Amino acid sequence: MPANIHSIELPSMTPGSHKQIKWLRFGKAGARPKVYMQAAIHANEMPGTMALHHLMPQLLEAERKGLIVGEIIVVPTVNPIGQAQLVGNVHAGRYNLLSNENFNRNWLDLSDAVAERVGKRLGDDGQANVKRIRKAAHEVLGEMKPLNELQTLRVEIMKLSVDSDYVLDLHCDIHAALHLFTSECDWPNGAIRELAADLGAKASLYNESYARSLTFSGVHAGLWGRLRDRYAQAAIPQACMSVTVEMRSQFDVSDALGRSDADNLYRWLMRRGAIKGQAQPLPRLLSPAMPMSGMDVGYSQGTGFLVFHVKPGARVKKGQAICDVIDPASALGPKARTAYKSQTDGILFSCRLDGYLSWPGQVMYRIAGSQPLPHRLGASGLDD
Ligand SMILES: [Zn+2]
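Small disclaimer: the values here were computed from a predicted structure and weren't measured.

How each quantity is defined
- Residues numbered from 1 in each chain as written.
- Predicted model: local features only at pLDDT ≥ 70, side-chain atom pairs only at ≥ 80, totals over all residues.
- Heavy atoms only, no water.
- Domains from an automatic or database assignment.
- Buried area = accessible area lost by both parts, 1.4 Å probe.
- Salt bridge = Lys/Arg side-chain N within 4 Å of Asp/Glu carboxyl O.
- Helix = DSSP H or I, 4+ residues; strand = E, 2+ residues; numbered from the N terminus.
- Expected span 1.5 Å × (residues − 1).
- Buried < 20%, exposed > 50% of the residue type's maximum accessible area, 1.4 Å probe, protein only.
- Phe/Tyr/Trp six-rings, centres within 6.5 Å; stacked < 30°, edge-to-face > 60°.
- Contact = heavy atoms within 4.5 Å.
- Bend = angle between axes of the 7 residues up to and from the residue.
- Pairing = 2+ DSSP bridges.
- Axes fitted to C-alpha atoms, helices over the stretch in contact; angles between N-to-C directions.

A.B. asks: Describe the domain arrangement of the protein, and please don't skip the residues or the numbers.
C.D. replies: Where interface size is quoted, it is often the accessible area lost as the parts come together. The assigned domain composition of the protein is domain 1 (4–289) and domain 2 (295–369). Taking only C-alpha atoms into account, the centre of domain 1 sits 32 Å from that of domain 2. Its largest share of buried area at the contact with domain 2, domain 1 owes to Ile 174, His 175 and Leu 205, together 48% of the area lost on that side. Between the two partners, domain 1 and domain 2, sit zero salt bridges.

In structure tokens, the structure reads:
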């Protein structure tokens, strides 16, 4: 049976225009495990969309052969609002121009509303609690009355994702090695570790159970973490494992990478029991997970332009020079440069491009390290 293609209609924001989100279901609605995958919430981040482009024919074939056990939801480009933001010949996909919001912030924390609805009925039967919480989350979303297209996008997308066993939010960075962000509740479970191994992640970072910034993957993990904290006596498992996958750099879009990412995702889906079959042995995990508190974020102190000494994916040492900010008007050669050095032993997993402008406070690079660092402005935030 062919994949079922569906469409979410967003309300019109201007006369004569309206947008829609296409999504596909493979397998049967309600089957378990349920895996939800979306790409390009920051609209011009296409490596994940390319991976899904290569994955979907494989899912179609698996469906034709009756191999899909669970339910797999795929949203290849989840953000038509950002897709349409063409400004002066530039695609501005990261922030909603109407409200200046990062598209991957302000997702819906349903925990208070779910608690109000079912909190008193949460007991020591974990599976019964999972059912109650998922049902209540759907009811809460069903009662919301979003007004504009972005609010509608958030509510309608979460109706698709909120009851999933696994949520994969596919992003990319400006210049990066493949890495992922998850929460400390999710990492100990083998699923995310296996995903990191299957995808060949160069670095994996975990945040506290629920970050304040309300990212898409953060609210899915956070629903369970928040309820668990609130009802310590009740058995509340981490029923949704969610992860933000940064699929290398914005320009890393090719058939070769897309094909291999799709193969890796397919193998992981088999491993999780969503598709029948014997997955090949798990590849070696390239790096253990590291805490967000150990992440060294290189903030520029001044203006100039950037040149890097190290490439994403490289292991670096504390004190090693990562990049220079060059004052373009200075005639002093080496003295026109300010060097920025790593605060930790670790893995440089993302950075800006050579030649980018830097300004005070701008993030120039990120390094995953295993030891917590003294807190600095924004260092615990996830600006993916
Ligand atoms: Zn992104």
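A.B. asks: How would you summarise helix α5 (residues 149–161) if you had to cite specific residues and measurements?
C.D. replies: For α5, with 13 residues, the first-to-last C-alpha span of 18 Å sits near the 18 Å given by 1.5 Å per residue. Most of α5 sits inside the fold, with 10 of its 13 residues counted as buried. Restricting attention to buried positions, one finds in α5 the residues Glu 149, Leu 150, Thr 152, Leu 153, Arg 154, Val 155, Ile 157, Met 158, Leu 160 and Ser 161.

A.B. asks: Mind laying out the packing of aromatic side chains, listing which residues take part and the relevant values?
C.D. replies: For the coordinates displayed, the defined rule picks out four aromatic pairs. Ring plane angle 45° and centroid distance 5.8 Å describe the contact between Tyr 36 and Phe 216, whose orientation is recorded as tilted. Of this pair, Tyr 36 sits in strand β3 (residues 34–39) while Phe 216 sits in helix α7 (residues 216–230), and the two are 180 residues apart along the sequence. Phe 216 matches Tyr 36 in its accessibility class, with the two residues each being buried. Among the aromatic residues, those joined into a ring-pair cluster are Tyr 36, Trp 107 and Phe 216.

A.B. asks: Which residues make up the side chain of Gln 362, and what values go with them?
C.D. replies: With respect to the helices and strands, the residue Gln 362 is situated in the loop between β21 (357–358) and β22 (363–369). Given the relative accessible area of 3%, Gln 362 is considered buried. Beyond its immediate stretch of four places on either side in the chain, Gln 362 contacts Gly 298, Tyr 299, Ser 300, Leu 306, Arg 352 and Leu 357.

A.B. asks: Any chance you could break down α7 for me, citing the residues and the numbers?
C.D. replies: Taking 1.5 Å of rise per residue, 15 residues should cover 21 Å, and α7 covers 21 Å from first to last C-alpha, within 8% of that figure. At Gly 222, α7 shows its maximal bend, which comes to roughly 35°. By the criterion of burial, α7 is predominantly enclosed, with 12 of the 15 residues buried.

A.B. asks: Give me the lowdown on the sheet that holds strand β16 (residues 304–308), citing residues and values where you can.
C.D. replies: In space, the four strands of this open sheet follow the order β19-β18-β16-β21, with antiparallel pairing throughout. The two strands at the open ends of the sheet, each matched to only one other strand, are β19 (337–341) and β21. As defined by bridge partners, β16 adjoins strand β18 (residues 321–326) across four bridges and the pair is classed as antiparallel. Counted as the bridge partner of Val 307 is Asp 324 from β18.

A.B. asks: I'd like to hear about the sheet that holds strand β12 (residues 203–207), residue by residue, with values.
C.D. replies: Here we have nine strands laid out as an open sheet, ordered β1-β2-β4-β3-β9-β13-β11-β12-β14, and mixed in their pairing. Of all strands in the sheet, those bounded by a partner on one side alone are β1 (4–9) and β14 (290–291). Inspection of the sheet shows β3 paired to strand β4 (residues 71–75) by five bridges, in the parallel sense. Pairing of Tyr 36 across the sheet is with Ile 73, part of β4. Strands β2 (20–27), β3, β4, β9 (166–173) and β13 (241–249) of the sheet are contacted by helix α1 (residues 47–64), whose axis makes an angle of about 40° with β2. Sheet contacts for α7: β3, β9, β11 (179–183) and β13; angle to β13, the most-contacted strand, approximately 160°.

A.B. asks: Would you mind going over the pattern of salt bridges in detail, with residue names and values included?
C.D. replies: Counted under the stated rule, the structure contains 20 salt bridges. Note that Glu 139 and Lys 135 form a salt bridge whose closest N and O atoms lie 3.1 Å from each other. Of this pair, Glu 139 and Lys 135 both sit in helix α4 (residues 126–143), four residues apart, which is roughly one turn of that helix. On the accessibility criterion, Lys 135 (54% relative accessible area) is exposed. Within the structure, one salt-bridge network assembled from shared partners comprises Arg 117, Lys 135, Glu 139 and Glu 143.

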